[in-house]
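Per-entry structural report
As a plain string of letters, each chain reads:
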Amino acid sequence: MADRVTVIGWDGSPLTGAARAALGAATLVAGAAHHLALPEVPPAAERVRLGSVALAARRIAAHRGTAVVFADGDPGFFGVVRTLRAPEFGLEVEVVPAVSSVAAAFARAGMPWDDAQVVVAHRRTLRRAVNVCRAHTKVAVLTSPGAGPAELGLLLEGVHRTFVICEELGTEREQVTVVTSDKAADHTWRDPNVVIVIGGPAGRGGAADGGDWIAGRDPGAGPRGWVQPDESYGSHGDGPGGRLGEGETQLLRAAQLARLGPRVGDLVWDIGCGSGAFAAEAARAGAAVIAVDRDPQACARTDAVARRSGVQLQVVQGAAPHALENLPEPDVVRVGGGGAPVVSAVADRRPQRIVTHAATRDAAELIGRDLTEHGYRVECALLQSVELDTRAWTETERSVAFLLTAELLRREAPR
């Protein structure tokens, strides 16, 4: 095992005294080509081109001597330190940090970034990174070959965003370019690069209203509760959102939201979005949401609810199942309207979970059998709620619905 391992962050600035001292004593140096070309690298040191960090870690673990590993930016922030410290390698490391590429990118853009989401985009995580860009107004994306600005722009089709693309930060070839997301695929971008994705109306929880206490998305922004009272969406027809449908009651929405469990990185379809209540509540959980309805007034209400709630979502007007054909693949889906044919079409797309409701047992059984045939484990519960006027403890409203939840049994290959 190496006697000493030092990880040096590099941001294009001159090496610090600590970095030069560690490098001068190194018998093995690992890094990218531009790191290994630095004049401070000892000529006699073994040089390892850093591709797979795990392979380099094995080489270092087997090395008898002093090792130095170079990494761009801050090596402890989505960097090599995590891999080098993994139990299978048993390496204890010293770290000489540098300015992270994310901090450098926002500095070049002249923007604060304590309210930004930060994601890493590889081929296997690109889809989830795109979903975060759909759901949030400020995202920094650490890209990789095959998961760069062009791919982000293509997968954000239908959602307008502005890209600030920072290429080769800290080098003589550094360049910062601002383009709209639909134009990103028209260019060839140099690696490495960081993409700042900006767009949509500002959400709640900014510094102006006391939201400057936690990095990223403020979990305390907006009212408490997974779901809001029906009156928030105009349940009596005279509110800001218009009248809620029979499948949009507060308790049913709460049950549906709990069963779907939308989270950051997910894409939720809300089919038959009606007032937009469920779509806005799923977006508040941090998920990307596409709300679909054939009624243009329902689409307008959903858009207005999203703006009032300070969340990002995409509204698509059209009748399911045809309106679903060109939508990106969902993780979880709520079917609020359309019945068995729409549920069947959704199941063909293989989301992890589906929730829907039915007014009668026969309708619930028809939907449940179809979902079972599609390879889902189906649960059905009869939900009955009775609203009481607590001044007189008298019944004011009663609702009954069959709630169906379907979970995909067979683990699908990652999309």
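Thresholds applied
Residues numbered from 1 in each chain as written. Predicted model: local features only at pLDDT ≥ 70, side-chain atom pairs only at ≥ 80, totals over all residues. Heavy atoms only, no water. Core = buried A, V, L, I, M, F, W, Y, C linked by side-chain atoms within 4.5 Å. Buried < 20%, exposed > 50% of the residue type's maximum accessible area, 1.4 Å probe, protein only. Helix = DSSP H or I, 4+ residues; strand = E, 2+ residues; numbered from the N terminus. Contact = heavy atoms within 4.5 Å. Patch = residues over 30% accessible without salt bridge, like charges linked within 9 Å, V, L, I, M, F, W, Y side chains within 5 Å. Areas by Shrake-Rupley, 256 points an atom, 1.4 Å probe, with all protein chains shown as cover. Salt bridge = Lys/Arg side-chain N within 4 Å of Asp/Glu carboxyl O. Axes fitted to C-alpha atoms, helices over the stretch in contact; angles between N-to-C directions. Parallel < 35°, antiparallel > 145°, perpendicular 65-115°, else oblique. Left-handed = near helix turned anticlockwise from the far one by under 90°. Nonpolar A, V, L, I, M, F, W, Y, C, P; charged D, E, K, R; others polar. Pairing = 2+ DSSP bridges.

Thoughts on the nonpolar core
Core analysis: the biggest nonpolar cluster contains 27 residues, and Trp269, Ile271, Val335, Val346, Ile354 and Leu371 have the highest contact counts within it. Put simply, the parts of the chain that give this core at least two residues each are β11 (267-271), β12 (288-293), β14 (332-335), α11 (339-347), β15 (353-358), α12 (361-373) and β17 (394-408). Sequence-distant contacts of Trp269, defined by excluding residues within four places in its chain, comprise Ile290, Leu324, Leu327, Pro328, Pro330, Val332, Val333, Arg334 and Arg349. Tyr233, Ala280, Leu313 and Val355 belong to the second largest nonpolar core, which has 22 residues in total.

So, a nonpolar patch on the surface
On the surface, a cluster of nonpolar side chains totalling about 320 Å² of accessible area is made up of Val386, Leu388 and Trp393. One can find Trp393 in the loop between β16 (376-389) and β17.

Section: the packing of α11 against α12
At their nearest, the axes of α11 and α12 sit 10 Å apart, and the two run at 15° to each other. Between α11 and α12, the crossing angle belongs to the class labelled roughly parallel. Considering only the axes of α11 and α12, their crossing is right-handed. Taken together, the residues of α12 that come into contact with α11 (itself represented by Ala340, Val343, Ser344 and Ala347) are Leu366, Ile367, Asp370 and Leu371. In terms of residue class, the contact of α11 with α12 is built from six nonpolar, one polar and one charged.

Structural notes on the sheet that holds β11
Taken together, the seven strands give an open sheet; going across it, the order is β13-β12-β11-β14-β15-β17-β16, and neighbouring strands pair in mixed fashion. Both outer strands of the open sheet, β13 (314-317) and β16, are each paired with one neighbouring strand and no more. For this sheet, the mean inter-axis angle between neighbouring strands, taken without regard to orientation, is 20°. Relative to β14, β11 runs parallel, the two sharing four bridges. When the bridges of β14 are listed, Asp270 appears paired with Arg334. Strands β12 and β13 of the sheet are contacted by helix α10 (residues 296-309), whose axis makes an angle of about 175° with β13.

Things to note about the pattern of salt bridges
If you walk through the whole model with that rule in mind, you get 22 salt bridges. A salt bridge links Arg259 to Glu379, with the shortest nitrogen-to-oxygen separation between them at 3.3 Å. Placement of Arg259 in helix α8 (residues 250-260) and of Glu379 in strand β16 is noted, with a sequence separation of 120 residues between them. On the accessibility criterion, Arg259 (29% relative accessible area) is partly exposed. We classify Glu379 as partly exposed; its relative accessible area is 34%. Between Asp270 and Arg334 there is a salt bridge, and its shortest N-O distance comes to 2.5 Å. Highlighted residues: Asp270 in strand β11 and Arg334 in strand β14, separated in sequence by 64 residues. With respect to burial, Asp270 and Arg334 carry one shared label: buried. A cluster of three or more residues bridged by salt bridges with shared partners is formed by Arg259, Arg353, Arg377, Glu379 and Glu407.

Examining unusual backbone geometry
Cis peptide bonds are those with omega within 30 degrees of zero, and the linkage from Asp191 to Pro192 qualifies with -5°. Summarising the element assignment, Pro192 is placed in the loop between β9 (175-180) and β10 (193-198). A cis amide bond links Ala320 to the next residue, Pro321, at an omega of 10°. For Pro321, the position within the fold is in the loop between β13 and β14. Phi is positive for Phe78, which is not a glycine, with a value near 50°. Along the chain, Phe78 turns up in the loop between β4 (66-72) and α4 (81-84). Of the residues examined, Phe78 reaches a relative accessible area of 52% and is grouped as exposed. The backbone of Glu168 shows a phi angle near 45°, a positive value even though the residue is not glycine.

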